[in-house]
Structures are given as C-alpha cells and as structure tokens.
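Structural characterization, general
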Amino acid sequence: MVSGPSPIGPEGHEAFIRSHTELAPVPMVTTIQLYTATELVPIWRATENWLTERGLGVPFWCVPWAGGQALARWVLEHPEIVRGKRVLDFGAGSGLIAIAAARAGAAEVRAVDVDPIAIAACILNAAANDVSFDTVCSDIVDQDVEADIVLAGDVWYELTASARFARWLRSIAARGTRVFTGDPGRHYLPSHARELAAYDVPTSWDLESAHSRRSRVLEILPLPIATQPSA
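Residues numbered from 1 in each chain as written. Predicted model: local features only at pLDDT ≥ 70, side-chain atom pairs only at ≥ 80, totals over all residues. Heavy atoms only, no water.

Each full turn of the α-helix corresponds to 3.6 residues, which orients residues three or four apart in the same direction. Here helix α5 (residues 116–128) spans 19 Å end to end across 13 residues, near enough to the 18 Å set by a 1.5 Å rise per residue. With 10 of 13 residues buried, α5 is to be regarded as a mostly interior element. All buried positions along α5 are accounted for by P116, I117, A118, I119, A120, A121, C122, L124, N125 and A126. Sitting at the head of α5, D115 places a side-chain oxygen 2.9 Å from the backbone nitrogen of I117. (Helix = DSSP H or I, 4+ residues; strand = E, 2+ residues; numbered from the N terminus. Expected span 1.5 Å × (residues − 1). Buried < 20%, exposed > 50% of the residue type's maximum accessible area, 1.4 Å probe, protein only. Polar contact = N/O pair within 3.5 Å; in protein donor to acceptor, adjacent residues only side chain to side chain.)

Printed below as a string of structure tokens:
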C-alpha cells in the first residue's frame with residue numbers, strides 16, 4: 001500500500017475507488033469481481049488534474065480491459081502455466097490478471113503498476129476475491145525481474161511506451177522467463193509473438209467503440225539473433 005497523504009484529497013485512494021466504482025463480475029471471468037466504474041466520464045474527470053500532473057493518462061484500473069480479460073481467462077483455463085511459479089503482473093491496473101494467477105495456483109504473485117491508485121485497486125480487488133499478492137508501485141521497465149512468468153494484459157496503447165515495453169519484455173524472454181500478453185488489436189503490439197488463443201470479449205461502446213473485441217493471447221518471444229540490433 002502506498003503510504004502518506006492522498007494526492008487526490010482527504011478521502012484517500014481506497015475511499016476514492018469505493019465512491020466511484022461498484023463491485024461487478026468480469027464479463028469473461030464471471031467468478032472474479034472488480035471495483036468497476038459504471039460511468040466512465042465522471043471518474044475520468046475526477047482524476048483528470050491529478051493524472052495530468054503526473055503524466056499517467058487515463059485511470060486504467062477502473063475497468064477490465066479486453067486484452068486483460070482474455071489473458072485472465074486463458075490463465076484460468078491453463079493453470080499449469082502458472083501453478084507453483086513466481087508470477088509478475090506487469091501494468092496490473094485493477095489486478096485482474098494477478099487475481100487469476102493466484103486463483104490458478106501460482107506460488108508467488110506480484111502486481112506492478114506506476115499508478116498508486118491502481119495499487120490501491122489491486123489490494124481492494126484482491127480482498128474482494130479472497131486472494132492475496134504483493135504489490136509494487138514503481139516503473140520496473142529495464143530492471144531484472146525475479147519471476148518465472150510475466151503477464152502483461154492490454155499494455156500496447158502508446159508508441160513510445162510500447163517500444164520500451166517490447167524491448168524489455170523480449171530481453172526477459174531471452175533469459176528464459178516466459179512472457180504472455182493479452183491484446184485486442186492495439187496498434188503497437190510487438191510483431192514477434194506466438195498466438196496461443198483468441199476470445200470474443202464483451203466490452204462497452206464507451207470504452208472500445210464496440211460491443212465486443214476479438215482479443216488474442218500471445219507469448220512474447222525474443223527477436224531472432226539475425227534481426228537483433230547491433231551494439
């Protein structure tokens with residue numbers, strides 16, 4: 001949990017989440033409930049100034065995004081991937097994928113996000129689903145990770161950030177850690193990835209300008225030696 005006074009007012013992170021969301025089942029994983037914004041515009045506005053000051057963009061933690069739903073569903077359908085393993089949920093947002101990994105029997109789960117409100121959401125959502133995992137509020141890109149599995153749900157929104165993520169995740173994969181992502185067709189998904197599954201994920205028109213998105217689960221692979229940039 002992030003300590004110190006809340007940067008968004010005296011109500012604090014957890015109270016802010018509770019007052020702007022409701023517990024609701026995840027469409028693709030109905031056994032998991034998340035604190036979810038029922039109306040997106042008010043919560044966007046409520047956090048706008050604080051987010052803008054810190055360059056964090058939209059509050060990704062307040063809804064289960066299509067790529068994350070697909071990845072969480074796949075993890076629960078293939079628990080052997082994470083069972084008994086050390087799992088890192090990168091760009092955790094609501095903590096949906098961390099919850100799925102914990103439910104699937106991971107030995108250790110860590111949820112990482114740069115947004116302290118997302119970390120508070122992870123903690124609340126974990127408690128609501130009777131699981132527990134570690135949380136870290138930090139930018140860990142380009143750092144070594146102590147994990148057997150890295151899960152990254154729906155993180156490929158922005159060109160510069162995606163290039164940075166891809167470079168780091170490929171380097172992790174090259175060292176033997178398996179890296180999986182869920183993606184509903186974002187523009188900046190890395191090209192060198194192996195498709196493992198695809199789902200039609202229900203979503204809202206306000207969120208995705210569609211009522212469902214075809215979302216794939218992929219394994220991020222190291223670049224072939226012949227295509228790796230020279231030093």
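Going through the model one piece at a time under the given rule, you end up with six aromatic pairs. With a centroid separation of 5.1 Å and an interplanar angle of 45°, the aromatic rings of W74 and F180 are classed as tilted. One end of the pair, W74, is in helix α3 (residues 66–77); the other, F180, is in strand β7 (residues 178–183), and 106 residues separate them in sequence. Here the aromatic residues F90, W156, F165 and W168 are joined through ring pairs into a cluster of three or more. (Phe/Tyr/Trp six-rings, centres within 6.5 Å; stacked < 30°, edge-to-face > 60°.)

Mapped onto the fold, N129 is located in the loop between α5 and β5 (134–137). In this structure N129 comes out as buried when scored by relative accessible area, which is 5%. A distance of 2.7 Å separates a polar side-chain atom of N129 from the backbone oxygen of N125. In this view, N129 contacts T31, I32, Q33, I99 and R103; residues no more than four positions away in its chain are not counted. (Contact = heavy atoms within 4.5 Å.)

What follows deals with the pairing of strand β2 (residues 29–36). In terms of strand pairing, strand β1 (residues 22–26) meets β2 through five bridges, oriented antiparallel. When the sheet's bridge partners are listed, P25 is paired in β2 with Q33. Between β1 and β2, which follow one another and run antiparallel, lie two residues. (Pairing = 2+ DSSP bridges.)

Before going further, it helps to examine the packing of helix α1 (residues 12–20) against α5. Here α1 crosses α5 at 70°, and the two axes come no closer than 9 Å. Considered as vectors, α1 and α5 are oriented roughly perpendicular to each other. Here α1 contributes H13, E14, I17 and R18 to the contact with α5, which in turn contributes P116, I117, A120, A121, I123 and L124. Of the residues belonging to the contact of α1 with α5, the class tally is seven nonpolar, one polar and two charged. (Axes fitted to C-alpha atoms, helices over the stretch in contact; angles between N-to-C directions. Parallel < 35°, antiparallel > 145°, perpendicular 65-115°, else oblique. Nonpolar A, V, L, I, M, F, W, Y, C, P; charged D, E, K, R; others polar.)

Topologically, H78 is positioned in the loop between α3 and β3 (86–90). The class for H78 is partly exposed, based on a relative accessible area of 28%.

What follows concerns the nonpolar core. Counting 36 residues, the largest nonpolar core has W74, F133 and L151 as its most contacted members. For this core, the secondary-structure elements that each account for two or more residues are β2, α3, α4 (96–103), β4 (108–113), α5, β6 (149–153) and β8 (193–202). Beyond its immediate chain neighbours, meaning those up to four positions away, W74 contacts I81, F180, L196, A197, Y199 and V217. (Core = buried A, V, L, I, M, F, W, Y, C linked by side-chain atoms within 4.5 Å.)

Okay, the environment of S138 next. As for its placement among the helices and strands, S138 is situated in the loop between β5 and β6. Take S138: its relative accessible area is 28%, and that puts it in the partly exposed class. Measuring from C-alpha to C-alpha, the distance between S138 and P116 comes to 8.8 Å, with 22 residues separating the pair along the chain. Every residue in contact with S138, bar those within four places of it in the chain, is listed here: V112, D113 and V114.

The next subject is the confidence of the model for the protein. Here the protein shows a mean pLDDT of 85. Residues at 70 or above account for 81%. pLDDT under 50 marks residues 1–10. Its contacts with residues more than four places away, or in other chains, come to 15 contacts. (pLDDT = per-residue confidence, 0-100.)

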